[in-house]
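The chain contents come next:
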Amino acid sequence: DLTAQLGKLRSPAHAVINLPGSEHQIVDFWRKTGFLQQITQLDVVCGTEAFFHRSRKAADLHALVAENGFNLVLQENEDPDWPRLTFHADPLKREIADLNKELELRDVALAKAKVQLEEQAKAADTALVKAKAEAEAQGKATAVAQERASKAETGLEELSTILAARDAALVKAKVQLEEQI
């Protein structure tokens, strides 16, 4: 297309569109390709009404151009049905539009980051609940093991006492046997 062939324009760039019925499509195409942002002055001859199939009225074109950082500076009405509109690029409008686009991109990034952080927080909460449950289970297991160890120790003490009594009884019996012999 012509915009690709022209490439980057030198500033100031002045464009004139005098193709009745096609002006809106041309400006919209330039907007979509970024070519419109290179233009500093735009003159358009367009109908006050949509005189052709798929054409748009001048007010619609004015709105489209204004949305893209232009101000209407002159309207020549030599032919009242086909006025010539002259627009100048407004650097402040363009900067505001660029900042709004950047803000929208940041809002999207912020929303994505928020979702990721919420997912990470949920995962951390789940891991914390699991760790608490495991610690509680381990604490219970430790308590059970300590109770068993305590019972085993008590059992060993009782067994030691029984063995000591048996040893004492054996010694006593041995002594009595030796006295009888």
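In this text, all values refer to a predicted model and were calculated from it rather than measured experimentally. (Residues numbered from 1 in each chain as written. Predicted model: local features only at pLDDT ≥ 70, side-chain atom pairs only at ≥ 80, totals over all residues. Heavy atoms only, no water.)

Chemist: Please clarify how the sheet that holds strand 4 (residues 84-89) should be interpreted in this entry.
Modeler: For sheets, the rule is that strands pair by backbone hydrogen bonds, running either parallel or antiparallel. The strand order across the open sheet built from four strands is 1-2-4-3, with neighbouring strands paired in mixed fashion. Bordering the open sheet on either side are strand 1 (14-17) and strand 3 (70-76), each of which pairs with just one other strand. Pairwise comparison of adjacent strand axes, ignoring direction, gives a mean angle of 20° for this sheet. Here strand 3 pairs with strand 4 via six bridges, running antiparallel. Of the residues in strand 4, the one forming a bridge with Phe70 is Ala89. Relative to strand 1, helix 2 (residues 23-33) is tilted by about 145°, and along the sheet it contacts strand 1 and strand 2 (41-45). (Pairing = 2+ DSSP bridges. Helix = DSSP H or I, 4+ residues; strand = E, 2+ residues; numbered from the N terminus. Axes fitted to C-alpha atoms, helices over the stretch in contact; angles between N-to-C directions. Contact = heavy atoms within 4.5 Å.)

Chemist: Looking at this model, I keep getting lost on the environment of Thr33. Mind explaining?
Modeler: Here Thr33 shows up in helix 2. The partly exposed category is assigned to Thr33, whose relative accessible area is 42%. Separated by 117 residues in sequence, Thr33 and Ser150 place their C-alpha atoms 83 Å apart. In terms of polar contacts, Thr33 uses its side chain to reach the backbone carbonyl oxygen of Trp30, at 3.2 Å. (Buried < 20%, exposed > 50% of the residue type's maximum accessible area, 1.4 Å probe, protein only. Polar contact = N/O pair within 3.5 Å; in protein donor to acceptor, adjacent residues only side chain to side chain.)

Chemist: Got a minute to help me understand the pattern of salt bridges in this structure?
Modeler: Once the charged atoms of two side chains with opposite charge are near each other, the side chains can pair. Summed over all chains, the structure comprises eight salt bridges. Residue Asp43 is joined to Arg84 by a salt bridge in which the shortest nitrogen-to-oxygen separation is 3.3 Å. Of this pair, Asp43 sits in strand 2 while Arg84 sits in strand 4; the two residues are 41 residues apart in sequence, bridging distant segments of the chain. Looking at Asp43, the relative accessible area reads 4%, which means it is buried. Judged by its relative accessible area of 28%, Arg84 falls in the partly exposed class. Taking the shortest distance from any N to any O, the salt bridge between Glu102 and Arg106 comes out at 2.7 Å. You can see Glu102 and its partner Arg106 sitting in helix 4 (residues 91-180), four residues apart, about one turn around the helix. In this structure Glu102 comes out as partly exposed when scored by relative accessible area, which is 36%. Its relative accessible area of 55% is what places Arg106 among the exposed residues. Sharing partners across several salt bridges, the network here consists of Asp28, Arg31 and Lys32. (Salt bridge = Lys/Arg side-chain N within 4 Å of Asp/Glu carboxyl O.)

Chemist: Teacher, can you tell me more about the pairing of strand 1 here?
Modeler: Each regular strand carries side chains that alternate between the two faces of the sheet. Residues Ala15 and Ile17 of strand 1 are buried on one face, while the alternating residues His14 and Val16, pointing to the opposite face, are not. In this sheet, strand 2 lies alongside strand 1 in parallel orientation, the contact comprising four bridges. In the strand pairing of strand 2, Val16 is matched with Asp43. The parallel pair strand 1 and strand 2, bridged by helix 2, forms a crossover whose chirality is right-handed. (Right-handed = clockwise from strand over helix to strand, strands pointing away.)

Chemist: Is there a simple way to think about the nonpolar core in this case?
Modeler: Side chains that are nonpolar tend, in soluble globular proteins, to be buried together. Val27, Trp30, Ile39 and Leu42 are the most contacted members of the largest nonpolar core, which totals 18 residues. Put simply, the parts of the chain that give this core at least two residues each are strand 1, helix 2, strand 2, helix 3 (58-67) and strand 4. Residue contacts for Ile39: discarding those within four places in its chain leaves Ala13, Ala15, Trp30, Phe70, Ala89 and Arg94. (Core = buried A, V, L, I, M, F, W, Y, C linked by side-chain atoms within 4.5 Å.)

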